[in-house]
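# Fold and contact review
Here's the letter readout for the chains.
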Amino acid sequence: MESSRRLHLGAFMRPVSIHTGAWRYPGAFPDANFSFGHLRDFARRLEAAKFDAFFMADHLAVLNMPVDALKRSHTVTSFEPFTLLSALAGATERIGLVATASTTFDEPYHIARRFASLDHISAGRAGWNIVTTANPDAALNFGYESQMDHDARYVRAREFYDVVTGLWDSFADDAFVRDVDKGIYFDPARMHVLDHKGPSLSVRGPLNIARPVQGWPVIVQAGSSEPGRQLAAETAEVIFAATGSLEIGKRFYADIKQRMHKIGRDPGSLKILPAAFVVVGDTMEQARERRALLDGLVHYESGIGSLNSMLDYDVSGFDPDGPLPEIPETNAGKSQRERLVDLARAGNLTIRQLAQKAGSYAGLAFVGTPASIADEMEQWLVEEGSDGFNVMFPWLPGGLDDFVDRVVPELQRRGIFRKEYEGSTLRDHLGLARPANRFFEDGQK
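Our subject in this report is the structure included herewith. (Residues numbered from 1 in each chain as written. Predicted model: local features only at pLDDT ≥ 70, side-chain atom pairs only at ≥ 80, totals over all residues. Heavy atoms only, no water.)

## A few points about the overall build of the protein chain
Helices and strands together make up the secondary structure of the protein chain, namely 15 helices and 12 strands. At 22 Å, the protein chain has a C-alpha radius of gyration in line with the 22 Å of a compact globule built from 445 residues. Taken over the C-alpha atoms alone, the protein chain extends approximately 75 × 55 × 45 Å along its principal axes. Within the protein chain, buried positions represent 56% of all 445 residues. Pairs at least 24 apart in sequence give 77% of the contacts found in the protein chain among residues at least 6 apart. With the model as given, the accessible surface of the protein chain reaches about 18700 Å², and the carbon-plus-sulfur share is 51%. When the 49 basic and 59 acidic side-chain charges of the protein chain are each reduced to a single mean position, those positions are 2 Å apart. (Helix = DSSP H or I, 4+ residues; strand = E, 2+ residues; numbered from the N terminus. Rg over C-alpha atoms; globule rule 2.2 N^0.38 Å. Buried < 20%, exposed > 50% of the residue type's maximum accessible area, 1.4 Å probe, protein only. Contact = heavy atoms within 4.5 Å. Areas by Shrake-Rupley, 256 points an atom, 1.4 Å probe, with all protein chains shown as cover. Lys, Arg positive; Asp, Glu negative; His and termini not counted. Charge placed at Lys NZ, Arg CZ, Asp CG, Glu CD.)

Put into C-alpha cells, the structure is as follows:
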C-alpha cells in the first residue's frame, strides 16, 4: 500500500479510557481521569509523539444509570473541559486542545467567548466539538422536564453555529490599533455588531474578545444520524465518527464528501477521524489476551448500566441470557443506539454479551502488534475509510505508552505520520485554511 496522504491522530481523553474496566487494569492509574498531574503528563507525551489534538469530551450530568452501575464508573468525576484545557495550554506548546460544548444547554455568547479565549491562551490550538447533548438527565440539570426533540436539537445547532462563528468575526484582524500617541485603542470601523434575530436565538453582539488566532477555532462534530451528517457536511472541519468496520467507514466517508460536494464545499476542507480503540501486544495472542483481561474487568452491573444508557431503554428486566428485545425510538442520540442494535442482531448476542461490549467498547478496535495495527490504519487511509483516527487508549498510562512508543514510530517509518509538527496551530496540524472574516474583506467593512 502507498498513499500520498498522511494520518491525523487525535487522542480521546475524557474519560481517559472509554472502557469501564480501564481503571482496574493491572498497573493502571485508578485516578487518571481526575488527576491534573497525570493528565498534564499524558498531554505532554502525546505532544512529543506529534498528535494533532487532545480531545476532551464532556457530559452535563452524571451518566443516566442506576447507582449500582454508576458506583463502578471512573467517569463519575471529571474536570470541566475549558478549565482543564486552559491549564494544559500553559503546560504544552503545540498539541491541539479540543473541547465539547453543547448547543442545547448553553448560549452562543458563552460558547463564543470561551473558545475565543482558549484559542488566544493557547496561541491558536482550540477546537470546538459541537454536540446537541443526548443524555436526558442533562435536561433536568438545566430546568427542563424532558429532553428537546432530536431533530429540533439539530435545527437549533445549525443556527447556533451561525451565531457563534458570526460572533468570532466581530472584529477585523487589524481592529486593535493600540495607538498610544493618539489614544486610540481600536478602530470602530473594524467592529461588526451581529444583531442576530432567528427562530431560536437572539444575540446582539459584538463579542468582547478579539478575533481568535485561527480566525475560528476548528469545528469538530461526531454525529452520524441523518441530521448529524447533514450538519457536519455543512459546518464541520473534523468529524470524530463512530464506524465499526472499514466498509462502513468507506460508505460514511463517501457520503459526507458527496454531501459537501453537493452544497459547494471543498471535500478536502473536512477530516474524518473515526474513534479507534487500540490494544498493543508483542504478538497477536498477547494483544488478544490483554483485551480479554480488560473486558473481564467489566462488572455486569456496570455493563448493563452502560447498555441501558446507550439504548435509552431499560433492558435489565429481560433475561440476561436471552436476545435483545425490540428497542423503541426515543429523543436520545440515534446513531449509538442503532449501532448496538445492529451489533446484537448481526452477532445473535444475548443481553449479557451485549452489556459486556457496552461496558468495554463495542466499536472499531485495533488489537494486535505495532505492525498489524499500522497495516490496518494504513489500509483505512489508502482506501478512504478515514483521514486518521481519534485514538482511545485501553488503560492509562500503559495503553498510551504502548501506542506512543511502539505504534507511532511504525507509522512514521512508513511515512504516513509526521515526525515534526508542520506549524504551530491546530489548523496547521490538520491542513485546514484559516477562514475569512465574513464581515471584513480586503480592509473594508
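## Focus: helix H4 (residues 108-121)
Counted at 1.5 Å a residue, the expected span for H4 with its 14 residues is 20 Å, and the 20 Å between its end C-alpha atoms agrees. Within H4, the full set of buried residues consists of Pro108, Ile111, Ala112, Phe115, Ala116, Leu118 and Asp119. Summarising the axial view, the buried residues of H4 lie within an arc of 160°, below the 170-degree limit, and thus occupy one face. Summarising the contacts, the buried residues of H4 are in contact with helix H3 (81-91), strand S3 (96-102), strand S4 (126-131), helix H6 (150-168) and strand S6 (202-203). (Expected span 1.5 Å × (residues − 1). Arc of directions from axis to C-beta.)

## Some details on the packing of helix H7 (residues 226-235) against helix H8 (residues 246-262)
Across the interface, H7 lies against H8 with an axial gap of 9 Å and an inter-helix angle of 55°. Taken together, the axes of H7 and H8 lie oblique to each other. Pair H7 / H8 crosses with right-handed handedness. Every residue of H8 that contacts H7 at Glu226, Arg229, Gln230 and Ala233 is listed here: Phe252, Asp255, Ile256, Arg259 and Met260. Partitioning the contact of H7 with H8 into residue classes produces four nonpolar, one polar and four charged. (Axes fitted to C-alpha atoms, helices over the stretch in contact; angles between N-to-C directions. Parallel < 35°, antiparallel > 145°, perpendicular 65-115°, else oblique. Left-handed = near helix turned anticlockwise from the far one by under 90°. Nonpolar A, V, L, I, M, F, W, Y, C, P; charged D, E, K, R; others polar.)

## Looking at the sheet that holds strand S7 (residues 218-221)
The sheet built from 10 strands is open, its strands ordered S9-S8-S7-S4-S3-S2-S1-S12-S10-S11 with parallel pairing. The open sheet terminates on both sides in strands that have one partner only, identified here as strand S9 (271-272) and strand S11 (365-368). On top of the sheet, H6 reaches S3, S4 and S7; it is set at about 160° to S4, its chief contact. (Pairing = 2+ DSSP bridges.)

## Notes on the side chain of serine 386
Along the chain, the position of serine 386 falls in the loop between helix H13 (370-382) and strand S12 (388-392). Classification of serine 386 as buried rests on a relative accessible area of 0%. In this structure the side chain of serine 386 is engaged in a polar contact, spanning 3.1 Å, whose partner is the backbone oxygen of glycine 388. (Polar contact = N/O pair within 3.5 Å; in protein donor to acceptor, adjacent residues only side chain to side chain.)

## Details of the environment of glycine 21
Structurally, the position occupied by glycine 21 is in the loop between strand S1 (8-12) and helix H1 (36-48). Look at glycine 21 and you get buried, because its relative accessible area is 0%. Those residues in contact with glycine 21 that lie beyond four places of it in its chain are Leu294, Leu297, Val298 and Gly359.

## Side note on the nonpolar core
Among the nonpolar cores identified, the biggest contains 71 residues, and Phe51 and Phe54 are the most heavily contacted of them. Listed in part, the 26 residues of the second largest apolar core include Val218, Leu273, Met392 and Leu426. (Core = buried A, V, L, I, M, F, W, Y, C linked by side-chain atoms within 4.5 Å.)

## A few points about the packing of aromatic side chains
Taken as a whole and judged by the stated rule, the model has 19 aromatic pairs. On the numbers, 5.7 Å between centres and 70° between planes, the contact of tryptophan 380 with phenylalanine 389 is edge-to-face. Both residues of the pair, tryptophan 380 and phenylalanine 389, count as buried. Members of the aromatic cluster, each reached through a chain of ring pairs, are Phe82, Phe115, Trp128, Phe160 and Trp168. In this arrangement the basic side chain of arginine 114 is found over the ring face of phenylalanine 82, its NZ or CZ atom lying 6.0 Å from the centre. Directly above the ring of tyrosine 300 sits arginine 352, whose terminal nitrogen or CZ lies 5.1 Å from the centroid. (Phe/Tyr/Trp six-rings, centres within 6.5 Å; stacked < 30°, edge-to-face > 60°. Lys NZ or Arg CZ within 6 Å of the ring centre and 35° of its normal.)

## Let's talk about the pattern of salt bridges
As enumerated under the stated definition, the model contains 34 salt bridges in all. Residue aspartate 41 is joined to arginine 40 by a salt bridge in which the shortest nitrogen-to-oxygen separation is 3.7 Å. Taking the relative accessible area as the measure of exposure, aspartate 41 reaches 37% and is therefore partly exposed. In this structure, glutamate 326 and arginine 345 form a salt bridge, with 3.7 Å as the shortest nitrogen-oxygen distance. In this pair, glutamate 326 sits in the loop between helix H10 (300-311) and helix H11 (334-347) while arginine 345 sits in helix H11, placing the two residues 19 residues apart along the sequence. (Salt bridge = Lys/Arg side-chain N within 4 Å of Asp/Glu carboxyl O.)

## Re the environment of proline 30
As for its position among the elements, proline 30 is in the loop between S1 and H1. Residue classification places proline 30 among the exposed residues on the basis of a relative accessible area of 53%. Residues proline 30 and alanine 57 lie 27 residues apart in sequence; the distance between their C-alpha atoms is 19 Å.

## Brief notes about the pairing of S1
The element S1 is extensively covered by neighbouring structure, given that five of its five residues are classed as buried. Side chains of S1 alternate between two faces, with His8, Gly10 and Phe12 and Leu9 and Ala11 buried alike. Sheet topology note: the S1/S12 ladder contains four bridges and is parallel. Its bridge partner being in S12, leucine 9 is matched across the sheet by phenylalanine 389. Relative to strand S2 (residues 53-56), S1 is paired through three bridges, and the arrangement is parallel. Counterpart to alanine 11 in the pairing with S2 is phenylalanine 54. The parallel pair S1 and S2, bridged by H1, forms a crossover whose chirality is right-handed. (Right-handed = clockwise from strand over helix to strand, strands pointing away.)

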